[in-house]
Amino acid sequence: MLEKNPSLKELFGFVKAGFTEFYKSEPQWIVSAPGRVNVIGEHTDYNEGFVLPMAIERYTIIAANRSKKGNFLNWHCAKTNRTAKIELTKSIKKGEHGNWTNYIAGVFAGYQELGIETGALDVFMYSSVPIGGGLSSSAALEVSTATLIEAVSGKTIDKVKKALLCQKAEHSYAGMPCGIMDQFISALGKKDNLLLIDCRTQKYELVPMNDDAVSVLIFNTNVKHKLVGGEYAQRRKQCEEAAKILGVRALRDANVKQLNEHQNRIDSTVYKRVLHVIEENERTLKCVEMIKSRKWVDVGNLLYSSHNSLKNMFEVSCEELDIVVEFAQQIGVDGGVYGCRMTGGGFGGCTVALIKTNSAQDIASKLIDGYTKRTGIEPSVFASRPANGAEVLMQ
Ligand code: GLA
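Cut-offs applied
- Residues numbered from 1 in each chain as written.
- Predicted model: local features only at pLDDT ≥ 70, side-chain atom pairs only at ≥ 80, totals over all residues.
- Heavy atoms only, no water.
- Domains from an automatic or database assignment.
- Contact = heavy atoms within 4.5 Å.
- Buried area = accessible area lost by both parts, 1.4 Å probe.
- Salt bridge = Lys/Arg side-chain N within 4 Å of Asp/Glu carboxyl O.
- Polar contact = N/O pair within 3.5 Å; in protein donor to acceptor, adjacent residues only side chain to side chain.
- Helix = DSSP H or I, 4+ residues; strand = E, 2+ residues; numbered from the N terminus.
- Nonpolar A, V, L, I, M, F, W, Y, C, P; charged D, E, K, R; others polar.
- Phe/Tyr/Trp six-rings, centres within 6.5 Å; stacked < 30°, edge-to-face > 60°.
- Buried < 20%, exposed > 50% of the residue type's maximum accessible area, 1.4 Å probe, protein only.
- Pairing = 2+ DSSP bridges.
- Axes fitted to C-alpha atoms, helices over the stretch in contact; angles between N-to-C directions.

1. Overview of the domain arrangement of the protein
- Taken domain by domain, the protein holds domain 1 (2–207 + 388–394) and domain 2 (214–384).
- Using C-alpha coordinates to define each centre, domain 1 is positioned 26 Å away from domain 2.
- Counting residues at the interface gives 40 residues for domain 1 and 48 residues for domain 2.
- Carbon and sulfur atoms supply 63% of the area that domain 1 and domain 2 bury against each other, a total of about 3,700 Å² over both sides.
- Taken together, the links from domain 1 to domain 2 amount to five salt bridges.
- The partner of Glu-205 in a salt bridge is Lys-292, and the shortest N-O contact between them spans 2.7 Å.
- Here domain 1 is connected to domain 2 by 23 residue pairs in polar contact (both at pLDDT 80 or more).
- Sorting the residues of the side of domain 1 that touches domain 2 by element identifies strand S1 (29–40), strand S2 (50–66), strand S6 (193–198) and strand S7 (203–208) as the ones contributing at least two each.
- For the side of domain 1 that touches domain 2, the element with the most residues is S2, which contributes seven residues.
- Taken together, the residues that form the side of domain 1 that touches domain 2 break down as 18 nonpolar, twelve polar and ten charged.

2. A closer look at the packing of aromatic side chains
- Evaluation of the coordinates by the stated rule reveals nine aromatic pairs.
- Measuring from centroid to centroid gives 6.2 Å for Trp-75 and Phe-108, while their planes differ by 90 degrees, and the two rings are edge-to-face. Here Trp-75, found in strand S3 (residues 72–77), pairs with Phe-108, found in helix H2 (residues 101–113); they are 33 residues apart in sequence, far enough to count as distant.
- Residue Phe-108 is classed as buried on the basis of its relative accessible area of 6%.

3. What about the sheet that holds strand S8 (residues 214–224)?
- Strand order in the open sheet formed by four strands is S9-S10-S8-S11, and the pairing between neighbours is antiparallel. Whereas interior strands pair on both sides, the edge strands pair on one side only; in this sheet they are strand S9 (337–343) and strand S11 (380–384). When the angles between neighbouring strand axes are averaged without regard to direction, this sheet yields 20 degrees.
- In this structure, S8 lies alongside S11, joined through five bridges in antiparallel fashion. Bridged to Ile-218 within S11 is Phe-382.
- Strands S8, S9, strand S10 (348–356) and S11 of the sheet are contacted by helix H11 (residues 360–375), whose axis makes an angle of about 20 degrees with S8.

Set out below in structure tokens:
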């Protein structure tokens, strides 16, 4: 069965009531920021290339008010039922590695450097973005935190700067050397649009995706293999070293001819990584053209090519993701599936599929059935329209 996305209105009501019960007073601010799914352009952002994500109807939502209890953030997460106390010192401390408060602390530290402060706060947070499912729950947390700081302080910064500040928080406080895509789309997403981002110039273009007959289906394999962070950092390093050998600033500037000319100086694994990046950038730009002319079968084929490349060239897929794509391909266009691929960093998490809206339930049942029988794992599946980026909902 397709999961329903709780509406932003429902989430608003939930955190407002939750705050009141938890702190015995009303919140003053409520803000939200969405998770994302990447339609195409995978492992291209840190190579200064192109990505095409969309914000999804899954959000981190925060209710807050000023606190009278010292110089602390009292941060309650209703999803995990954990409460953290973060001290707002001159240099805000990093928690232990892997601690969820690092994302929050990193963003507060970033704004503090700009002279933007909130003082002590009581916070009640909830998230409908699956945690650790490759749908950027961490970016949603960072960007919603940034949005809260701006709402409370009354000082806003440019949205691109805000995304970069959140990315820096993830690098230096959470230790994940991510690209710019996730924070960017969470901050800048627009309802009914995908966002084509040029990760070099940080310029972006809205790509309308408002054909009601076509939907985006997100299938969470509910697996997360270990070593995700390590593998990610290794891919990033391989790409940067290859760029040096090819004599280009980033792999965004490389082409197949150059790659082949340098083949004897590049080992076969790195060769495959580079080829993926070159072709994935081309696929992303092509995909934008196809979406604009509503050529859904062509878009779908690009998604399958992207998946194959991530599986065989960039080697970031896994058995569970491949199984979903295989079943999607079996259902085919006649059964309502245009295309499907793994999305995000890889090694588990989600697939993204482009489907015919009126077949959504039927496709979901078939995929869930096939996947559960093969893997013994229960997945979660939902559809989403492109949603808005971060918003202040009450102030
Ligand atoms: C993760 C990172 C992004 C991007 C993707 C792969 O989601 O956070 O910056 O690199 O992986 O495309």
